[in-house]
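One letter stands for each residue in the lines below.
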Amino acid sequence: MRREDSAYTENADDLGTNNAGGKTLLRVDRLTKSYSGFLALKEMNFDLRAGEVHVLFGENGAGKSTLINIIAGALDATVGTVVLDGKPLHMNSVRDARNQGIAAVFQEFSLAPELTVEENLFLGSELTKGARLRKSAMHRLAADVLRDLGFDIDPKATVSRLSRAECQMVEIAKAFMTNPRVLIFDEPTASLTEAETRTLFDLISRLKMRGVGIVYITHRIDEIRQIGDRVTVMRDGEYIQTVDAADTTKEQLVEAMTGRKFGDFYPEIEFHPGETVLSIRKLATRDRRVSDVSIEVRAGEIVGLAGLVGCGKSEIGRACFGIEALASGEIVFLGQQLKHPHPGQLIDRGMGYVPSDRIREGLLLGRSTRENISLSALGTDRFSRRGLLRRRNERRYASEMGEKLGVRPLQIEGPVAHYSGGNKQKVLLGRVITSPLKLLILDEPTVGIDVGAKAELYELFAELASAGMAILLISSDLPEVLSLSNRVYVVRHGHISDELVGERKTEEVALQNFFGA
């Protein structure tokens, strides 16, 4: 597909112009989506005004992903219409939607990992002159869009070498290249630092000024009042209500989302630490993201690792599980020094790990819920006998675990790829805790999970710790890690800057350590 050089330039120049009229830009009427008799969406109505941020809010499985996939051209509705500027849309693909002015930044990335950033930005829409690619023009335009969006990324960098936050930025840039009138964001800040989030919010404000309508999905209630104009609450695939973001409280939103009263969010946990399960001394990784780190985790307690995105906290957990190569230091697990830690051996010894990237490192997307949940324990007596799989036990246990974790709608034999991001995360957690564990390492375990599901998982973490399990909780959600942990180590530039215990375990002290104050 040929593209003119001026396409992005015009888009950038318009950012400061206020063309927002507040008229209805997009409308969906009685949208219904059925999968083999299951209604994922039931006569859903929704509208988006020019120059507004309209937040979609609901639990995992509420139908938000189905709705935006239909609007973005990725799914066909069973019944209902999508109307843009008063005209019904007929879309057969995401490209059709983008050609008509609707672009989406999905929670799960759609980048080609072995291509460069600029190749991904122009994939399917390359600039050509005859049969030749205009590589210099594409490089210039890619650099322009990344710079104007405030993203410090090399257009020549290979995507597979980027961090998750950088991949998120490339996805945003890719959507922005199409000069959209309707822009959909699905949990866009889940992998971004505070500074990167502020950059994104500044961009959203500029887009609103030129009349772009923005559909925004988030489970972070604080973000709703920061950038939202209206909020539509969904539950079980149905429309519940639409409210002004400025005039509603957190409690009202959560109660509308869940259909029940909202109690204490974080459980009260009485810790009774026992013997040391994990001890790290002067640990350093070969990539130098971690150096001179010493921590310990005892049975029956949750220990937190807190810090900004990219500070090295995730690498500490990965090194313990044998994913990051060690340069020096000592890891002792259950009294035994791990000279060359390997994930398979550690699982057998009772260490579990939930990675932050559930797609690339966590799940088998094409396999069923049953297979994903039971995978880590297939060799145990629970699921096998004399080398034969006990399929009935496997299915029963997977169903019980799925129900316990609140996977909705639970489809035991359906592929995990069909779940929303939050439900994928629950399946991954279910698989890890299916194995007999002494230590559970959780790296950003609640990313993309709704408020109600978070509360359920927090209760589960509390139960596991009370039963004597040692938990290492790695999280960029500061209230989460402070509220759930017995002790919190603050990580800054790959070092432990402080250990917060008792009265010092506060947001103020943590933030001072984050920024070296």
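Provided above is the structure to which this section pertains.
Residues numbered from 1 in each chain as written. Predicted model: local features only at pLDDT ≥ 70, side-chain atom pairs only at ≥ 80, totals over all residues. Heavy atoms only, no water.

(A) Main features of the pattern of salt bridges. The tally for this structure, following the rule as stated, stands at 27 salt bridges. Here Glu444 and Lys313 are joined by a salt bridge, their closest N and O atoms 4.0 Å apart. Placement of the pair is Glu444 in the loop between strand 21 (439-443) and helix 16 (451-466) and Lys313 in helix 10 (residues 313-320), with a sequence separation of 131 residues. Note on accessibility: Glu444 and Lys313 belong to one class, buried. One salt bridge connects Glu499 with Arg487, and the closest N-O pair in it is separated by 2.9 Å. Of this pair, Glu499 sits in strand 24 (residues 495-500) while Arg487 sits in strand 23 (residues 487-492), and the two are 12 residues apart along the sequence. The partly exposed category is assigned to Glu499, whose relative accessible area is 31%. Salt bridges sharing common partners tie together Arg370, Arg391, Glu394, Arg395 and Glu413. (Salt bridge = Lys/Arg side-chain N within 4 Å of Asp/Glu carboxyl O. Helix = DSSP H or I, 4+ residues; strand = E, 2+ residues; numbered from the N terminus. Buried < 20%, exposed > 50% of the residue type's maximum accessible area, 1.4 Å probe, protein only.)

(B) Looking closely at the packing of helix 6 (residues 164-176) against helix 7 (residues 194-209). Between helix 6 and helix 7, whose axes approach to 12 Å, the crossing angle comes to 10 degrees. The orientation of helix 6 relative to helix 7 falls into the category roughly parallel. On helix 7, the residues that touch Ala165, Met169, Ile172 and Phe176 of helix 6 are Glu196, Leu200, Leu203 and Leu207. Of the residues belonging to the contact of helix 6 with helix 7, the class tally is 7 nonpolar, no polar and 1 charged. (Axes fitted to C-alpha atoms, helices over the stretch in contact; angles between N-to-C directions. Parallel < 35°, antiparallel > 145°, perpendicular 65-115°, else oblique. Contact = heavy atoms within 4.5 Å. Nonpolar A, V, L, I, M, F, W, Y, C, P; charged D, E, K, R; others polar.)

(C) Expanded view of empty space enclosed by the protein. A full pass over the atoms with the stated rule returns 1 cavity of 30 Å³ or more. Put simply, the largest cavity is a space of about 40 Å³. As for the largest cavity, its lining consists of Gln107, Phe109, Arg164, Gln168, Glu187, Ala190, Ser191, Arg358 and Val447. The residue makeup of the lining of the largest cavity, split by class, is 3 nonpolar, 3 polar and 3 charged. (1 Å grid on protein atoms, 1.4 Å probe; cavity = no way out; pocket = protein on both sides within 12 Å on 5 of 7 lines; lining within 4 Å. Points joined across faces, edges and corners; volume = space filled by probe spheres on them.)

(D) Inspection of the layout of surface pockets at higher detail. The computed volume of the second largest pocket comes to approximately 780 Å³. As for the second largest pocket, its lining consists of 36 residues, and the residues nearest its centre are Ser65, Thr66, His418, Tyr419 and Ser420. When contributions to the lining of the second largest pocket are tallied by element, the ones reaching two or more residues are strand 2 (38-49), helix 2 (64-71) and helix 15 (421-434). With 5 residues, the single largest contributor to the lining of the second largest pocket is helix 2. Here the lining of the second largest pocket is built from residues that sort into 14 nonpolar, 15 polar and 7 charged.

(E) The arrangement of the environment of Gly494 in detail. For Gly494, the position within the fold is in the loop between strand 23 and strand 24. Overall, the relative accessible area of 1% leaves Gly494 in the buried class. Each C-alpha atom, one on Gly494 and one on Leu375, is 33 Å from the other, the two residues being 119 residues apart in sequence.

(F) Structural context of the packing of aromatic side chains. Enumeration according to the criterion identifies 5 aromatic pairs in this entry. Where Tyr266 meets Tyr458, the ring centres are 5.2 Å apart and the plane angle is 25 degrees; that geometry is what we call stacked. Residue Tyr266 is found in the loop between helix 9 (250-258) and strand 13 (276-285), and its partner Tyr458 is found in helix 16; the two are separated by 192 residues along the sequence. A relative accessible area of 0% places Tyr458 in the buried class. By the ring-pair criterion, three or more aromatic residues cluster together here, those being Tyr266, Tyr458 and Phe461. Above the face of the Tyr397 ring, Arg382 is positioned so that its terminal group lies 4.4 Å from the ring centre. (Phe/Tyr/Trp six-rings, centres within 6.5 Å; stacked < 30°, edge-to-face > 60°. Lys NZ or Arg CZ within 6 Å of the ring centre and 35° of its normal.)

Geometry only, nothing functional implied.
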